[in-house]
Every structure is written in C-alpha cells, then in structure tokens.
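The residues making up each chain are set out below.
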Amino acid sequence: MCLLPPNPLGKSSAHPRARVGFHTELQDTSAPGWQHLLALIDEAAADGREEFRPLVELSPQERRQIVTLPPTIAKLTAVKHLMLYGSNLVRVPPEIGAMTSLEEFTPYTSYRLHWFPYEITRCTRLTRSTVSTRTLFGNYKLRPPFPRLQSAGSSVVGLDTDDLDPRRWGTTAISSCSVCDRAVELGGLHPVWISLRVATDVLPLLVNACSAQCVAALPLPPEGYVQSAHTGGRVGQPSADWD
C-alpha cells in the first residue's frame, strides 16, 4: 500500500495500483484457543470482574488461533478495562457495544486491526483508549485507503446475514442496524465508513445501517478526516501528515 504525493487540492489519494481489503480469515470455533476464550468470558461474566485480560490466560499458540472475539463479550457488562495488547485479531464484533461499563480499551500493538464496529460508540463511558493508529484505515499519518464497501440495498432478501464473506463485508454476520438496532431483516443494508473520535483516538468505524435515514443520522466526523459517511475505495482524504 502506498500513497501519491499531495496534490494541489490538498487531497491524499491511493496509488492506482494499491490494493486494500479486509482480512479474510474465518474463526475456527473448534480451536482450543477459542474454547478457552469462551470459558474465560463465562468466568469473567460470572464473577463480575472489572478488568478483562483474556490473552494473558492463553498460550502463545492459543492466542494465534483467535482472529475475532466471541459475541458472548456482550455478557461482560461489569468490565471497565478490556486489555487486548498484542492480539492477532482482525475484527471486533459489534457486541462490544453491550459492554456498557467499559471505560478503557487497550488493543495496542494489535497490528492486524484496521477498523472497528460503529457499535463501540454505544460504550458511552469509554474515555481512554490505546490503539496502534498507524495501522488504521484513513489514519492521519499515512491516509491508507478504505476498502470499497458493498452497494446499499433496500432489502436483504437472498442474503444470508448470518454467514457473510468477510472479504466482501468485513464481517461474518450482521443481525441488526448499527445505528437504530433494528433487525436488518426488517429493512435493508447500507454499509458505510465513518471516522469518529472514540475515547482517546479517532477510529475508522464500519456502520451497517438499515436505511439511508440511519446513515443520515450519523454524527459529523472531526476536522481532518473525510467529513461524511462514505463507501470507501478512492474517496478523497485530507493530506497525510507525512505527505
């Protein structure tokens, strides 16, 4: 991935031959690391702990087996600090939005995490984060491009939203609207990117909205980032700090 020198309009553009996309790995739910992680989540939910550091409980081999978190993280409603330092994660599930006590999020040096789900904005107490921002899509240092998203549709008829290809959708399942939480079966699917400040950092967020109205309801991105929701690809970005 590379960037062209700044152009006269002050926009940063991806090189015509540059390719960017989602990680395509699927989680092996039969792997020992996955089964161990499920047990650790159940244990943390049962004892109501406020800090969750699952990776330190896994062996190096088990950590390499984990490319996403289980949806059961939604049970961790007492956790205030989620520590994922040095993970092999390629995606975080939208269920992180159910961690309503979360105050600090630390996925630092998780170099394969390039984006986050919009649902993380539901963690309204989240005020501190430590993210390796230079690996993020659209980060202000390098302005790498965003993957092109699928076209919006007014219906999900014919689409198995429980078994999606992460190469095309970035995720393997979409059950509800990222904005209004309505079941996607009741509406359509309008995927967009938006960059927003979440705790300490500005993060690229993947929004799986059910309608154009939900896309229109998204907040305004901070200055220095694409100033609206967009579908990725060759969208014009502000100049990179290193241009």
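Bear in mind the structure is a predicted one, so any value in this text is a computation, not a measurement.

So, how was this worked out
Residues numbered from 1 in each chain as written. Predicted model: local features only at pLDDT ≥ 70, side-chain atom pairs only at ≥ 80, totals over all residues. Heavy atoms only, no water. Helix = DSSP H or I, 4+ residues; strand = E, 2+ residues; numbered from the N terminus. Expected span 1.5 Å × (residues − 1). Buried < 20%, exposed > 50% of the residue type's maximum accessible area, 1.4 Å probe, protein only. Arc of directions from axis to C-beta. Contact = heavy atoms within 4.5 Å. Polar contact = N/O pair within 3.5 Å; in protein donor to acceptor, adjacent residues only side chain to side chain.

Draft legend 1. Broad picture of helix 1 (residues 32–47). Compared with the 22 Å implied by 1.5 Å per residue over 16 residues, the 23 Å span of helix 1 between its first and last C-alpha is a close match. All buried positions along helix 1 are accounted for by G33, W34, L37, L40, I41 and A44. The buried side chains of helix 1 occupy one side of the element, clustering within an arc of 120° when seen end-on. In helix 1, the exposed positions that point more than 90 degrees away from the buried face belong to P32 and A46. Where helix 1 is buried, its residues meet strand 2 (51–52) and helix 2 (60–64).

Draft legend 2. Molecular detail of the environment of Q227. One can find Q227 in the loop between helix 4 (212–216) and strand 9 (237–238). Sequence-distant contacts of Q227, that is, excluding residues within four places in its chain, are made with L220, P221 and P222. A distance of 2.8 Å separates the side chain of Q227 from the backbone oxygen of P222, its partner in a polar contact. Within the local environment of Q227, its side chain forms a polar contact with the backbone oxygen of Y225, the two atoms lying 2.9 Å apart.

Draft legend 3. Representation of unusual backbone geometry in the model. Phi at T109 is positive, roughly 60°, even though this residue is not glycine. One can find T109 in the loop between strand 4 (104–106) and strand 5 (116–117).

Purely spatial values, then, with no claim about function.
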